Amino acid sequence: MDDCVFCRIVRGEIPSTRVWEDDLTVAFMDIGSVNPGHLLVATKAHAENLYGLDDGTAAAVMRSVARVGRAVQSALSPDGLSLYQANGAAAGQTVFHFHVHVLPRWKGDAMDLVWPVRNPGRQELEETAARIRAAL
Ligand code: 5GP
Ligand code: ZN
């Protein structure tokens, strides 16, 4: 992906502030950081989103997320830590190269996520679960 911004970061063609890398992933500061310590863990190989990850890469991503998350907690002592990961424009994805946000949180920060609870009935839960199980 010649013009993908995160592929260009992986290749070192544009600058980034890296904190961690292994064979399959790289972690760097988010240029649009919401809070201090806001990092992105991205795959080194281009995958547009979650659906393009093989099992080994998916495992490596979570291993790196946990590792940098522990480091953020140790270094910055935030009140909390949120993980965000968007797939598709409808989910808020703006860079179409797989990445996970590691976002330190402090009480009273302006970060907000609207979570409109709907409490569907058991039957709807069962029907939806059956469709997902059939796809596994
Ligand atoms: P998304 O909305 O796709 O989940 O998040 C994309 C993130 O990538 C945004 O938070 C944005 O600030 C970050 N970002 C976009 N371009 C660059 C860049 O060139 N360098 C870095 N370090 N982060 C970037
Ligand atoms: Zn890419």
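As the structure is a prediction and not an experimental result, all values here were calculated from the model.

Undergrad: Account for the overall build of the protein chain, with residues named and values stated.
TA: From N to C terminus, the protein chain includes three helices and five strands. When the elements of the protein chain are put in sequence order from the N terminus, they spell out α-β-β-β-α-β-β-α. Oriented by its inertia axes, the alpha-carbon framework of the protein chain measures out at about 50 × 40 × 25 Å. Within the span of the protein chain, comprising 136 residues, buried residues form 33% of the whole. For the protein chain, the share of sequence-separated contacts (at least 6 apart) that also reach a separation of at least 24 residues comes to 52%. On the protein chain, roughly 8900 Å² of surface is accessible, and the fraction owed to carbon and sulfur atoms is 56%.

Undergrad: Lay out the side chain of H38 in plain terms, naming residues and giving numbers.
TA: Positionally, H38 belongs in the loop between β2 (25–29) and β3 (39–43). Here V34 takes part through its backbone nitrogen, which lies 3.0 Å from a polar atom of the side chain of H38. Setting aside its immediate chain neighbours within four residues, H38 contacts M29, D30, G32, S33, H101, V102, L103 and P104.

Undergrad: Would you mind going over the site of ligand 1 in detail, with residue names and values included?
TA: Not every one of the 15 residues close to ligand 1 is listed here, only the nearest: M29, D30, T94, V95 and H101. Within the backbone of I31, a nitrogen or oxygen atom sits 3.3 Å from a nitrogen atom of ligand 1. Contacts to ligand 1 include T94, whose backbone N or O atom sits 2.7 Å from an oxygen atom. Listing elements by their share of the shell around ligand 1, those giving two or more residues are α1 (5–10), β2 and β5 (99–105).

Undergrad: Would you mind going over the coordination of the zinc ion (ligand 2) in detail, with residue names and values included?
TA: Summarising the metal site, the zinc ion (ligand 2) is bound by the protein donors C4 (SG), C7 (SG), H46 (ND1) and H97 (ND1), whose distances to it range over 2.0 to 2.3 Å. Between the four donor atoms coordinating the zinc ion (ligand 2), the angles at the centre fall across 104 to 117°, so the site counts as tetrahedral. Every donor residue of the zinc ion (ligand 2) comes from the same chain, spaced as C-x2-C-x38-H-x50-H. Of the two residues, C7 is situated in helix α1 and H46 in the loop between β3 and α2 (55–76); the sequence distance between them amounts to 39 residues.

Undergrad: Give me the pairing of β5: which residues, what numbers.
TA: Every other side chain in a regular strand lies on the same face of the sheet, so the side chains alternate between the two faces. For β5, a buried count of seven out of seven residues is recorded, marking the element as mostly surrounded by other parts of the structure. In the sheet, β3 pairs with β5 via four bridges, with the strands oriented antiparallel. Each residue of the ladder has a partner; that of L40, found in β5, is H101. Two strands pair when backbone bridges link them, and strand β4 (residues 80–84) and β5 are joined in this way by five bridges, in the antiparallel orientation. Bridge pairing in β5 places L83 opposite V102.

Undergrad: Kindly report on the sheet that holds β4, identifying the contributing residues and their values.
TA: An order of β1-β2-β3-β5-β4 is seen for the five strands of this open sheet, with the pairing classed as antiparallel. Both edges of this open sheet fall to β1 (18–21) and β4, since each of them pairs with a single strand only. Sheet twist, expressed as the mean angle between neighbouring strand axes with direction ignored, is 20°. Contacts from α2 reach β1, β2, β3, β4 and β5 within the one sheet, and its direction differs from that of β3 by about 160°.

Undergrad: Let's hear about the environment of A60: which residues, and what values?
TA: Relative to the helices and strands, A60 resides in helix α2. Through-space distance from the C-alpha of A60 to that of T25 is 7.0 Å; in sequence the pair is 35 residues apart. In this structure A60 touches L24 and T25, once residues within four positions along its chain are discounted.

So, how was this worked out
Residues numbered from 1 in each chain as written. Chains lettered and ligands numbered in written order. Predicted model: local features only at pLDDT ≥ 70, side-chain atom pairs only at ≥ 80, totals over all residues. Heavy atoms only, no water. Helix = DSSP H or I, 4+ residues; strand = E, 2+ residues; numbered from the N terminus. Buried < 20%, exposed > 50% of the residue type's maximum accessible area, 1.4 Å probe, protein only. Contact = heavy atoms within 4.5 Å. Areas by Shrake-Rupley, 256 points an atom, 1.4 Å probe, with all protein chains shown as cover. Polar contact = N/O pair within 3.5 Å; in protein donor to acceptor, adjacent residues only side chain to side chain. Near = heavy atom within 4 Å. Donors = N, O, S within 2.8 Å, 3.2 Å for Na, K, Ca; no water. Tetrahedral: all angles 85-135°; square planar, octahedral: opposite > 155°, others 65-115°. Pairing = 2+ DSSP bridges. Axes fitted to C-alpha atoms, helices over the stretch in contact; angles between N-to-C directions.

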